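Summary of the model geometry
Each chain is listed here by its residues.
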Amino acid sequence: MAALGTPFGQMSVAQLQAGLAAKEFSCHEVAAATLDVIEEADAPLHAFLEVTRDAALAAADALDARVDADAFAQAGALAGVPVGYKDNMNLVGTHTTCASNMLESYVSPYTATCVAKTLQAGAVPVGKLNMDEFAFGSSTETSAFGPTLNPWDATRVPGGSSGGSAAAVAAGLVPVALGSDTGGSIRQPASFCGVVGVKPTYGMVSRYGVVAFGSSLDQVGPFARTVEDAALALNAICGHDPLDCTSQPCSVDFTANLSEGVKGMKVGIIPAFMEAEGLSAEVKAKVEEAAAKLEAAGAELREVELPNAKAAISAYYVLGPCEAFSNLARFDSVRYGYSDPGHKDLGSQYEASRAKGFGLEARRRIMLGSYLLSAGVYEQYYYPAQQVRTLITEDYMKAFDQVDCLLAPAAPRTAFKFGEMAEPAEMYLSDMFTISINIAGNGGMSMPVGLGAESGLPVGVQLMGPAFKDENMLRVAAELERIYGPAPVAPGFKAGE
Amino acid sequence: MTQHLTESEVRGIAEYTRIGMTEDEVAQMTVDLNSIIDSLEPIREYQLDGVEPTFHPIGSLSNVMREDVEAAGFTQEEALANAPKQQNGSFLIPAILGDGGDR
């Protein structure tokens, strides 16, 4: 049970729902108090781009009217739980800006399937969360509306691109948030902020209504402070959606095997990842420690090779920009989005609107993608990148013939300072351990395992599983949680106390 | 650093992608893109003869069809709600040919 006076945003889903079922508090009280805490505590943090007070209170009041204590168990897995959404997810009547000037005044005319599914499960939508512009980045520094701060250290980035989602959960503003991950955008910020972040297998969660970046790589997933909360959220959002033809049926209850332990499970370590240039000593030490503790808990450790994973970063920075170039062609200053005023011909309106509407990193990736797909260049980069994708996918399939789960670093180091990564190519290396799993499509997650010995900042280890067997990595994560304890609320940022 | 792209080629890409750029921006973008393309070189050094490409993680999927039944979509008003300019129920754009003259 939560301590008396614990702010609702710092409770777990189970704690909130126990209190709601026992009528210690109502959904309205939870929503109103959470909104008040966000409006006060988020001013310095800047995790939220919009607080959706009316939508939250309406959802909470509808839940209160619908359920009495006895029926609460049927009200949905997320009934009464305040949830925040990355601002690339449409929720009807809210702004969906992608943290870009291009969409500053865009109001969603519909709701993304992943958001709708949380609402059907009883979630209370409290707001939209900051991100790198169009998800291009690893720090939220490319947000057109200013960065989010890391709740553990305000001089450092929260990671990205789903930095607002990770920071809001780490600061105790919400128990659950949704993010999206194209090359590490859930796992790297989860690692930097010390929370659980899950990128499910590609196809588990519908992408309908989530503004597209790399359509063959993007996947939506949850952030939470406990593995069970992440599993509950995953239960709510996964499954086939007629509006996304890549989404697959899913009948797994991801909470079912969390208490089973790891005895008899085979956990793989990738030696080349552990020896990678750029991996910090403190993160490496934490991954080794987690491996040893899993072994002590009954898991069998095995070394496995992913010989082609070293090509993943270059393959990703070919495929990602190519898909982004194609997806961002839709911003035409005519149907929606920023339109530069005063032009007498359409061509100059296009050029001025896209120049002013898109930030530098977005323009860089659009132009890079255009170049890489041009005649004569396509054969040199794009086509080989898709061939490399075959090799990486086969590597993972062979690895998962030998093991049930892989254990690796999530990010090469703990949270860096604002402005520290000045060169684009240097920033791109933040995702060196996360990208290959997006290329293959498998699920991966970051699990907090305490603080780094040198920096004193959160470290996440990455767990990866066979395609459509995401329950494997969650089961290992639950064991790590029993060993290390649930993710703490960032100590300097206990919102609402 | 290898010169993969000249400033003139970058100007051409800007035109094709409909992104207006100043000369200074073209110069900086040329440096940035050449540096990024340099970092992509490992992809060209791979021995890939006979390897089939994978264009999508769910490779077994093709031509997913739905039943051909009517479903509600946006109303005209909803479709126009985010339009920067509209007139008589349509998106309003400046002239496509020429400068359009004064209106």
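Below is a summary of the structure that appears in this document. (Residues numbered from 1 in each chain as written. Chains lettered and ligands numbered in written order. Predicted model: local features only at pLDDT ≥ 70, side-chain atom pairs only at ≥ 80, totals over all residues.)

**With respect to the overall build of chain A**
A count of helical and extended segments in chain A gives 16 helices and 11 strands. In summary, chain A has a C-alpha radius of gyration of 21 Å against a globular reference of 23 Å for 497 residues, a match within 12%. For chain A, the proportion of its 497 residues judged to be buried stands at 64%. Here the contacts in chain A between residues at least 6 apart in sequence split such that 76% fall between residues at least 24 apart. (Helix = DSSP H or I, 4+ residues; strand = E, 2+ residues; numbered from the N terminus. Rg over C-alpha atoms; globule rule 2.2 N^0.38 Å. Buried ≥ 20, exposed ≤ 12 C-beta atoms within 10 Å, placed from the backbone. Contact = placed C-beta atoms within 7 Å.)

**Considering the overall build of chain B**
On a plain count of helices and strands, chain B comes out with three helices and two strands. Over its C-alpha atoms chain B spans a radius of gyration of 23 Å, topping by over 25% the 13 Å that the globule rule assigns to 103 residues. Taking the principal axes of its C-alpha atoms as reference, chain B extends roughly 55 × 50 × 20 Å. In chain B, buried positions account for 18% of the 103 residues.

**Quick look at the interface of chain B and chain A**
Each partner contributes to the interface: chain B provides 47 residues, whereas chain A provides 52 residues. Elements with a minimum of two residues in the side of chain B that touches chain A: helix 1 (7-16) and helix 2 (23-39) of chain B. In terms of residue count, the dominant contributor to the side of chain B that touches chain A is helix 2 of chain B (six residues). The residue makeup of the side of chain B that touches chain A, split by class, is 30 nonpolar, nine polar and eight charged. (Nonpolar A, V, L, I, M, F, W, Y, C, P; charged D, E, K, R; others polar.)

**A look at helix 4 (residues 113-120) of chain A**
Residue and element names in this part refer to chain A. If you check which residues of helix 4 are buried, you get Thr113, Cys114, Val115, Lys117 and Thr118. Looking at the packing, one finds that the buried side of helix 4 touches strand 2 (82-86), strand 4 (176-181), strand 6 (219-224) and helix 7 (227-237). After helix 4 finishes, the residue Gly122 shows a positive phi value of roughly 95 degrees.

**What to know about the packing of helix 10 (residues 312-327) of chain A against helix 12 (residues 360-372) of chain A**
The relative placement of two packed helices is expressed as an angle between their axes plus a distance between the axes. Residue and element names in this part refer to chain A. One can describe the packing of helix 10 onto helix 12 by two numbers: an axis separation of 7 Å at closest approach and a directional angle of 100 degrees. Between helix 10 and helix 12, the angle falls in the class roughly perpendicular. Taken together, the residues of helix 12 that come into contact with helix 10 (itself represented by Val318, Pro321, Cys322, Ala324 and Phe325) are Arg365, Ile366, Leu368, Gly369, Ser370 and Leu372. (Axes fitted to C-alpha atoms, helices over the stretch in contact; angles between N-to-C directions. Parallel < 35°, antiparallel > 145°, perpendicular 65-115°, else oblique.)

**What about unusual backbone geometry?**
Residue and element names in this part refer to chain A. For the bond from Gly160 to Ser161, the omega torsion is 10 degrees, close enough to zero to count as cis. Note that Ser161 resides in the loop between strand 3 (124-129) and helix 5 (163-170). Backbone geometry at Cys98 places phi at a positive 55 degrees, although glycine is not the residue there. Within the fold, Cys98 resides in the loop between strand 2 and helix 4.

**Some details on the sheet that holds strand 6 of chain A**
Strand pairing in a sheet relies on backbone hydrogen bonds, with the paired strands running either antiparallel or parallel. All names here are of chain A. With mixed pairing, 11 strands are arranged side by side in an open sheet as 1-3-2-4-6-5-10-11-9-7-8. Edge positions in the sheet fall to strand 1 (48-51) and strand 8 (300-303), since each has one partner strand and no second. Neighbour to neighbour, the strand axes of the sheet diverge by 30 degrees on average, direction disregarded. Along the sheet, helix 7 contacts strand 4, strand 5 (196-199) and strand 6; its crossing angle with strand 6, the most-contacted strand, is approximately 145 degrees. (Pairing = 2+ DSSP bridges.)

**Digging into the pairing of strand 6 of chain A**
All names here are of chain A. Most of strand 6 sits inside the fold, with six of its six residues counted as buried. By the bridge criterion, six bridges tie strand 4 to strand 6 in an arrangement that is antiparallel. Across the sheet, Leu178 pairs through a bridge with Pro222, a residue of strand 6. The pairing of strand 5 with strand 6 spans two bridges and is antiparallel. Considered in strand 6, the bridge of Val196 is made with Ala224.

**Looking at the environment of Pro200(A)**
Residues and elements named next belong to chain A. Along the polypeptide, Pro200 turns up in the loop between strand 5 and strand 6. Residue classification places Pro200 among the buried residues on the basis of 27 C-beta atoms within 10 Å. For Pro200 and Ile435, which are 235 residues apart along the polypeptide, the C-alpha to C-alpha distance reads 14 Å. In this structure, Pro200 is in contact with Val205, Gln219, Gly221, Leu234, Cys238, Gly443 and Asp470, ignoring residues within four places of it in sequence.

**Thoughts on the pairing of strand 11 (residues 458-464) of chain A**
All names here are of chain A. The buried fraction of strand 11 amounts to seven of the seven residues, a majority that puts the element mostly inside the structure. By the alternation rule, side chains of strand 11 split into Pro458, Gly460, Gln462 and Met464 and Val459, Val461 and Leu463, which are all buried. Sheet analysis places strand 9 (residues 405-409) next to strand 11, joined by four bridges and oriented antiparallel. Opposite Pro409, over in strand 11, you have Val461 as the bridge partner.

**A few points about helix 12 of chain A**
Between its first and last C-alpha, helix 12 of chain A extends 18 Å over 13 residues, near the 18 Å set by a 1.5 Å rise per residue. Buried residues dominate helix 12 of chain A, accounting for 10 of its 13 residues. Taken as a whole, helix 12 of chain A has its buried residues at Ala362(A), Arg363(A), Arg365(A), Ile366(A), Met367(A), Leu368(A), Gly369(A), Ser370(A), Tyr371(A) and Leu372(A). In this fold, the buried residues of helix 12 of chain A make contact with helix 10 and helix 13 (382-402) of chain A together with helix 1 and helix 2 of chain B. (Expected span 1.5 Å × (residues − 1).)

**Here we look at the environment of Ala487(A)**
By the secondary structure assignment, Ala487(A) is in the segment after helix 16 (470-484). When the C-alpha positions of Ala487(A) and Gly359(A) are compared, they lie 34 Å apart, and in sequence the two are 128 residues distant.

**Remarks on the environment of Phe331(A)**
All names here are of chain A. Locating Phe331 in the fold gives a position in the loop between helix 10 and helix 11 (346-357). Judged by the 23 C-beta atoms lying within 10 Å of it, Phe331 is buried. Through-space distance from the C-alpha of Phe331 to that of Gly357 is 9.1 Å; in sequence the pair is 26 residues apart. Discounting residues that sit within four places of it in the chain, Phe331 has contacts with Met102, Gly337, Arg354 and Gly357.

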